[in-house]
Every structure is written in structure tokens, then in C-alpha cells.
Amino acid sequence: MTEFRTSPGMRDILDPESGRWRRFVSAFEHTVEPAGYRQIIPPLLEDIGVFQRVGEATDVVTKEMYDFVDKGERHVALRPEQTASVCRAFVQHRPVTPWKAWYSGPNFRYEKPQRGRFRQFDQVGIEVLGATDPFLDVEVIALGWNFLAGLGLRRLTLQINSLGEPVHFTSNLEALSAESRITLTKNPLRVLDSKRDEDHAIIASAPRIADFYSDQARTHFASVRDGLERLGIPFVVNERLVRGLDYYRHTTFEYVGGTLDSALGGGGRYDGLVEDLGGPPTPGIGFAIGVDRTLLACDDEGVFGAPPTSVQVFVIDTTGGAEALVLTDELRRSGISADRAFESRSMKSQMKAADRSGAAVALIIGSDELASGTVVVRPLRGGEQVSVSRAEVLPTLQKVLT
Ligand code: AMP
């Protein structure tokens, strides 16, 4: 028989990593909810057009999408990212602006699997739709920074850039060559992102984007830098930072950390995206942080480890198991975490299981206890054991466990 395994680039997240994962998302929630962001849970699957609109020059969209035609002849795709889904949801539901949303969940990209790169990977992120205020950019950047710093990461840098606006070219579209029109729609700035050797010299001699900023783009970016300085958030301006997806304008940023020296997350302003998805002109800004990669960075720095997993009480029953059944149920109903052994194992083997469970206390019921209606309460990390009546078990535990 075939022993099935996960597909390439896909993983099972088991305990204790799954507990850490949960705590990660919870820490994110506790960073953004108090700032007025509310959760959105978009579907994993969308009409492929939702993603095609946003990345015609992006491998993420052109080469890496998990897309297929469903039984109703719809061409759909597993989402490669969630910003487009959030904007599609905005167009569909028209919430009051500014609309502040946060999300967490998996995305799918058919990439070559390697350390920190998977085909199913999770992101947490926020998006704000309906405001152009540069101090909103600062709020968004700061929330991501505070979250990552709050995990304990110290080798963290923030890179920012402004891409200005494509107005100069788009307002002269008619005059441009056919070739340039195509290049323009396919995002010329992406060339700046090339890591290929032969492109280096050409990129180095490229005109600076900053020389082409409109006045508005220039003051917007100045306000963003000023805001970050007011908050004491260190940053470097990286004029080559254009980000992987096509839709960015003005502010772009990346949080870089860990020994991978790759981005843990990033984002930017995407003032044309909602319109591209059929909505009214609506500015937007957000970021996505990779859960997998950020947890690897935490490993590298030895911070934000897995939380200890243990129960408080382990019930040992050598009389057949029915006593343990009732007692564990009673404990759990009163809010005490409890586990037990099954298969009527020996006293010795149940004691071992109790040790492994990390429980602070064992409750022991043997034939003597069954006959006298008592239970032995044995602290497993120092302290005297006592024998109490069934009615006294809960009050005794409440004392022992505090
Ligand atoms: P992007 O959506 O491409 O801007 O990526 C944002 C973040 O998501 C990255 O900085 C990574 O942390 C994470 N990420 C993107 N692609 C992958 C992948 N294939 N595997 C793991 N994490 C990824």
C-alpha cells in the first residue's frame, strides 16, 4: 500500500508548533484589534480575474497560481495573496470608509520549495481602504513593526521607498511607443528588482525614481518619514524597493530580518486596485507578514518559542477506568484541565504517562480508594500526598493548584 505524504511545499503543523502558530495569530490580533482593525475571512478560492487584474507582470500571478476550471465551468484560483480578495470584498460589500480590516490564513503559490518558501504558506495582514493620509501609512507600518518587535525580534530592519505615481506616463499614453505601453502595463519598475548579474550595471545607471516624483508624491513621502521619526521607528530608504506585486504606488515597505535576510513581510499603497476590480476610485494601503518565515526568524533569534503544553491534573485509575471517566469529566466541567490513561494500563505505566503529561497533580484511584470512596491527591513536583473523600477532591485541588 502507498504510504501517503504531504505534497511538495506543503506541511503538517503539529504540536508544539501548532500552539506557537496559534499564539502568533493571537498576538497579531491583539496588536491590530485595539487599533480599530476588524477581521475579514475571505474565501480561499476566487474567480481567477480577481488576481489577474493585480499582477500581469508578476510570476505570482502568471506562473505560480493554482488555478483550475471547476465543475460549473468557472475559471477559479486558490488565492496567492489576500489583498486582492480584501479589495474584491470591499467592492462587493461597500463598507463605510475608512475601512480597516485584518486577516490571517493560507495562500498558495506554485514556487520551488526551499527554506522559508512553501507552496502553502500563511500570512497575517491588514488593509485600510478609503484614506490617503500619509500618517495612515505610518500607522500601518508602525503596527507591523510593533507586532514583529513584540515577538522579541531584534535583528529587524524597516526599508521604505516611494514609487511616486505613474501619472507622467499614463497621462502621455497616446504619445508612447506601443512597446512602452506594454512595458508600462507590465510594470517597468519591476526591472529594478532584478537580481540577475547582467542587469546590475543597467539598474545602477537607471534614473532615480525620486527625480520623477510629483510634488504630491514628494510631500506624501516626506510626511511618512516624518511620522516614522516621530514614533522613533528606525528605517532606511531603499530606492530599489519595488515589491513583488504590480499594484503599488507611493509608499512601499519591507520588514527584513532573520538569517534568511529576506523579507518577513511587506506592503504598500495601492491606490488603483479597487478601481481595477470594478469599484469606485478608492485609495488603499496594507501589509502582509509571512507566518512561516517570521517563525523561522524567531527560531534564529531564539525568541517566541512554543508555549508549554500540559494539563493540570492526570487521573490514574487502576480499577477499570470508569472512575477516571467520571472524574476527568467533573474536573473539565469545573475548568481544570485533565487527562487520563486508557486501555487499563498498570499503575507504573499510568504514572509514567502522568509524568509525560506535565501535570502538576495526579489523582489516584486503586481498589482501596474505590472501596472507601476516596481519592489520593499526589503532587508530582514536590509536596505531600493526601487521601481525601470524593467530595473534597475539587476544593483540595483548588488549593494545591494555586
Ligand atoms: P508578498 O505577498 O509576496 O508580498 O509576501 C509577503 C510575505 O509573505 C513575504 O515576506 C514572506 O514572509 C511571505 N511569503 C511569500 N511567499 C511565500 C512562500 N512561498 N513561502 C513562505 N512565505 C512566503
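This text follows the structure it describes.
Note that the structure is a prediction, hence the values are computed from the model and not measured.

Over its 16 residues, helix α1 (residues 17-32) extends 23 Å from the first C-alpha to the last, a length consistent with the 22 Å expected when each residue adds 1.5 Å. Buried within α1 we find Gly 19, Arg 20, Trp 21, Phe 24, Val 25, Phe 28, Thr 31 and Val 32. Contacts from the buried residues of α1 go to β5 (99-108), β6 (120-129), α5 (134-150), β11 (284-290) and α11 (291-301).

Turning to the environment of Val 25, a few remarks are in order. With respect to the helices, strands and loops of the structure, Val 25 is situated in helix α1. Judged by relative accessible area, Val 25 falls into the buried class, the value being 18%. It is 9.3 Å that separates the C-alpha atoms of Val 25 and Gln 123, two residues lying 98 residues apart in sequence. Contacts of Val 25, omitting those with residues within four sequence positions, involve Ser 104 and Val 124.

The next thing to look at is the sheet that holds strand β8 (residues 236-237). Sheet architecture is open: eight strands sit in the order β1-β5-β6-β11-β10-β9-β7-β8, paired in mixed fashion. Each of the sheet's edge strands pairs with one partner strand only, and the pair in question is β1 (38-39) and β8. Relative to β5, β1 is paired through two bridges, and the arrangement is parallel. Note on β5: the bridge partner recorded for Gln 39 is Trp 102. Set on the sheet, helix α9 (residues 215-230) makes contact with β7 (156-162), β8, β9 (249-257) and β10 (262-269); between it and β7 the angle comes to about 160°.

Right, let's get into the nonpolar core. In terms of nonpolar packing, the biggest core is built from 73 residues, with Tyr 37, Ile 126, Val 140, Leu 158 and Tyr 255 touching the most fellow members. Not counting chain neighbours up to four residues away, the residues in contact with Tyr 37 comprise Val 32, Lys 100, Ala 101, Trp 102, Ile 126, Glu 127, Val 128, Leu 136, Glu 139, Val 140 and Leu 143.

Definitions and cut-offs
- Numbering of residues starts from 1 in each chain and follows the order in which that chain's sequence is written.
- pLDDT decides what is reported in this predicted model: residues at 70 or higher carry local features, side-chain atom pairs at 80 or more are listed and counted, and totals for whole chains, interfaces and linings draw on all residues regardless.
- Note: side-chain values were computed over all heavy atoms of the structure, leaving out hydrogens and water.
- Helix and strand assignments come from DSSP, with helices taken as H or I runs of at least 4 residues and strands as E runs of at least 2, each series counted from the N terminus.
- Helix span is expected to be 1.5 Å times the residue number reduced by one.
- Three labels apply to residues, based on accessible area from a 1.4 Å probe with only protein chains included: buried if under 20% of the type maximum, exposed if over 50%, partly exposed otherwise in between.
- Whether two residues are in contact is decided by their heavy atoms, any of which lying within 4.5 Å being enough.
- Any two strands between which DSSP finds at least two bridges are classified as paired.
- Geometry is summarised by axes, namely lines fitted to C-alpha atoms with helices restricted to the contacting stretch, and by angles between N-to-C directions that run from 0 to 180 degrees.
- In these notes, a set of buried Ala, Val, Leu, Ile, Met, Phe, Trp, Tyr and Cys residues joined through side-chain atoms within 4.5 Å is what counts as a nonpolar core.

So, to be careful, I would describe these as geometric facts and stop short of saying anything about function.
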